[in-house]
Amino acid sequence: MKRYKTIIGSVLLVAFLMLAGACGLVSSYDYAAYPNIHLEEAVHLTEDAASPYCDFSLDYAYLDEEGDSIAALINRTIQHEFLGEVYASLTPSVAVDSFKNDYLRDYRQETEPLFKTDVAQNGNTGEWPAWYNQTYSMVSLVEDGYNGIVNVSSNVYCDMGGAHPNQWGRWLNFDGSTGKLLTLQDVFPADAKTSIERMLLDKLIEHQATQYPDETIASLDDLHNKGILQLTEMYIPDNFLLAKDEMLFLFNRYDIAPYSAGEIVLRFGYEEIGPYLKLN
């Protein structure tokens with residue numbers, strides 16, 4: 001549901017800027033207002049309503065950029081990261097509509113010839129391979145973050161008829177005063193890498209222990225026995241979120257664990273991670 005700026009919100013924002021202008025990252029944007037675009041469409045491979053189809057849905061949050069160059073800059077970066085470079089220069093509404101149309105067009109162009117060949121060879125039996133029916137869904141969210149930072153996240157579900165669907169998350173953090181996309185190098189000093197990786201490993205062990213309360217998971221070897229960190233050492237992921245009250249790190253499926261482990265989110269209070277942040 002769209003939420004729009006109000007006079008009260010603007011007054012409160014001005015008051016906040018006057019009080020906090022000298023303290024860290026402060027945005028000129030009214031983060032009480034995050035419009036949302038909802039698109040939903042199913043496209044069949046033929047005119048027959050019983051033919052296979054692709055089910056597409058998108059709930060896309062963005063910043064109201066009217067008269068705000070910083071919001072516009074953030075929106076373009078979001079589009080680049082979530083939709084692709086070709087959509088980065090468009091307005092949000094045009095970008096998501098173009099993405100939807102292109103995705104569904106590609107589905108038909110790539111799948112329709114195979115389906116028609118299948119029908120010609122085997123008849124219109126109505127029993128088709130599972131991969132003819134496909135699903136794509138994206139949900140994105142914009143929220144207030146830590147100390148004037150804008151948090152943007154997306155979750156994608158993509159089922160192309162394989163052994164299992166693919167799901168992945170993407171997290172972004174923007175300096176609300178400049179529109180800059182923050183990287184790990186912006187957030188942590190280089191000499192903190194080893195310490196943070198150790199903290200992540202300890203938190204991962206703790207996290208997995210809660211997932212398997214009837215087993216003993218207290219070491220790296222115990223993680224290995226669960227298929228975790230077998231192919232990589234612990235690292236600081238690019239998927240992090242400087243949320244209002246905590247910092248979160250996201251490991252998608254296959255990043256450090258098998259698909260069956262699902263996504264893994266490790267959470268730190270700012271009393272834990274704060275001493276390492278360059279933003280303080």
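Position labels on residues start from 1 in each chain and follow its written sequence. Totals for whole chains, interfaces and linings use all residues, but because this is a predicted model, local features are given only for residues with pLDDT of at least 70 and pairs of side-chain atoms are given and counted only at 80 or more. Only hydrogens and water are set aside when side-chain values are computed; all heavy atoms of the structure are taken into account.

Things to note about the overall build of the chain
- Only DSSP runs of H or I covering at least 4 residues are called helices, and only runs of E covering at least 2 are called strands; the numbering of each starts at the N terminus. Within the chain, the regular secondary structure consists of 7 helices and 8 strands.
- Throughout this description, buried means an accessible area under 20% of the type-specific maximum (1.4 Å probe, protein chains only), exposed means over 50%, and partly exposed covers the range between. Considering the chain as a whole, with its 280 residues, one finds that 46% of them fall into the buried category.
- We call two residues in contact when some of their heavy atoms are within 4.5 Å. Considering only contacts in the chain between residues 6 or more positions apart, those separated by 24 or more positions represent 57%.
- Carbon and sulfur atoms provide 53% of the accessible area of the chain, an area that totals close to 14,800 Å². Throughout, the Shrake-Rupley method with a 1.4 Å probe supplies accessible areas, and for residues the shown protein chains are the sole cover considered.

Section: the confidence of the model for the chain
- Confidence scores here are pLDDT values: one per residue, from the predictor, ranging 0 to 100. Chain-level statistics for the chain give a pLDDT mean of 88 and a share of 88% at 70 or above.
- Of the regions scoring below 50 in pLDDT, residues 1-32 engages in 46 contacts with residues more than four places distant in sequence or in other chains.

Re helix 3 (residues 92-122)
- The length a helix should cover is 1.5 Å for every residue beyond the first. With 31 residues, helix 3 ought to run about 45 Å at 1.5 Å a step, and its terminal C-alpha atoms sit 44 Å apart, in line with that.
- At Thr-111, helix 3 is deflected by roughly 35 degrees, the largest bend along its length, and proline Pro-113 occurs up to four residues later in sequence.
- What helix 3 keeps buried is the set Pro-92, Ala-95, Val-96, Phe-99, Lys-100, Tyr-103, Leu-104, Tyr-107, Thr-111, Glu-112, Phe-115 and Asp-118.
- On its buried face, helix 3 sits against strand 1 (36-44), strand 2 (53-61), helix 2 (69-82), strand 3 (134-144) and strand 4 (149-159).
- Of the residues trailing helix 3, Gly-123 is marked for its positive phi of about 85 degrees. The angle separating two fitted axes, one through the seven residues that finish at a residue and one through the seven that start at it, defines the bend at that residue.

Describing the packing of aromatic side chains
- Two rings belonging to Phe, Tyr or Trp (six-membered ring only in the last case) form a pair when the distance between their centres is within 6.5 Å. Interplanar angles under 30 degrees mark stacking, angles over 60 mark edge-to-face geometry, and anything in between is tilted. Summed over the entire model, instances satisfying the criterion amount to 14 aromatic pairs.
- Considering the side-chain rings of Tyr-235 and Phe-251, the 5.5 Å spacing of their centres and the 80 degrees angle between planes classify their relative orientation as edge-to-face. On the criterion of sequence distance, the pair formed by Tyr-235 in the loop between helix 6 (220-225) and strand 6 (240-242) and Phe-251 in strand 7 (residues 246-251) is long-range, its members being 16 residues apart.
- Between Tyr-254 and Tyr-259, the aromatic rings sit 5.8 Å apart at their centres with planes inclined by 45 degrees, giving tilted as the arrangement.
- One aromatic cluster is present, formed by Phe-56, Tyr-87, Phe-99, Tyr-103 and Tyr-136 through successive ring pairs.

Structural notes on the side chain of Glu-197
- Looking at where Glu-197 falls in the secondary structure, it is placed in helix 5 (residues 193-211).
- For Glu-197, a relative accessible area of 16% corresponds to the buried category.

What about the sheet that holds strand 8 (residues 264-269)?
- In this analysis, strands are considered paired if DSSP registers two or more bridges between them. Ordered in space as 6-7-8, the 3 strands form an open sheet in which the pairing is antiparallel. The outermost strands of the open sheet, each flanked by one partner alone, are strand 6 and strand 8. In this sheet, neighbouring strand axes are inclined to one another by 15 degrees on average, regardless of whether the strands run parallel or antiparallel.
- Judged from the 6 bridges that link them, strand 7 and strand 8 form a sheet pairing that is antiparallel. Its bridge partner lying in strand 8, Met-247 is registered against Phe-268.
- With axes taken as lines fitted to C-alpha atoms, and helix axes fitted only over the stretch in contact, angles between N-to-C directions fall between 0 and 180 degrees. Where helix 5 meets the sheet, it contacts strand 7 and strand 8, and its direction lies at approximately 115 degrees from that of strand 8.

Side note on helix 5
- Between its terminal C-alpha atoms helix 5 stretches 27 Å, which fits the 27 Å expected from 19 residues at 1.5 Å a residue.
- Among all positions of helix 5, only Ile-196, Glu-197, Met-199, Leu-200, Leu-201, Lys-203, Leu-204, Ile-205 and Gln-208 are buried.
- Those residues of helix 5 hidden inside the fold are in contact with helix 6, strand 7, strand 8 and helix 7 (270-273).

A word on the sheet that holds strand 1
- Taken in spatial order, the 5 strands line up as 1-2-3-4-5 in an open sheet, and their pairing is mixed. Of all strands in the sheet, those with a lone pairing partner are strand 1 and strand 5 (166-175), marking the two edges. Averaged over all pairs of adjacent strands, the angle between strand axes in this sheet comes to 10 degrees, irrespective of strand direction.
- Bridge count for strand 1 against strand 2 is 9 bridges, and the pairing is antiparallel. From the neighbouring strand, His-38 faces strand 2, where its bridge partner is Asp-59.
- The sheet contacts of helix 2 involve strand 2, strand 3, strand 4 and strand 5, and relative to strand 5 the element is tilted by about 155 degrees.
- Taken strand by strand, helix 3 contacts strand 1, strand 2, strand 3 and strand 4, and its axis lies near 15 degrees from that of strand 1.

Some details on the pairing of strand 2
- Where strand 2 lies against strand 3, 6 bridges are found, and the strand directions are parallel. Its bridge partner being in strand 3, Asp-55 is matched across the sheet by Thr-135.

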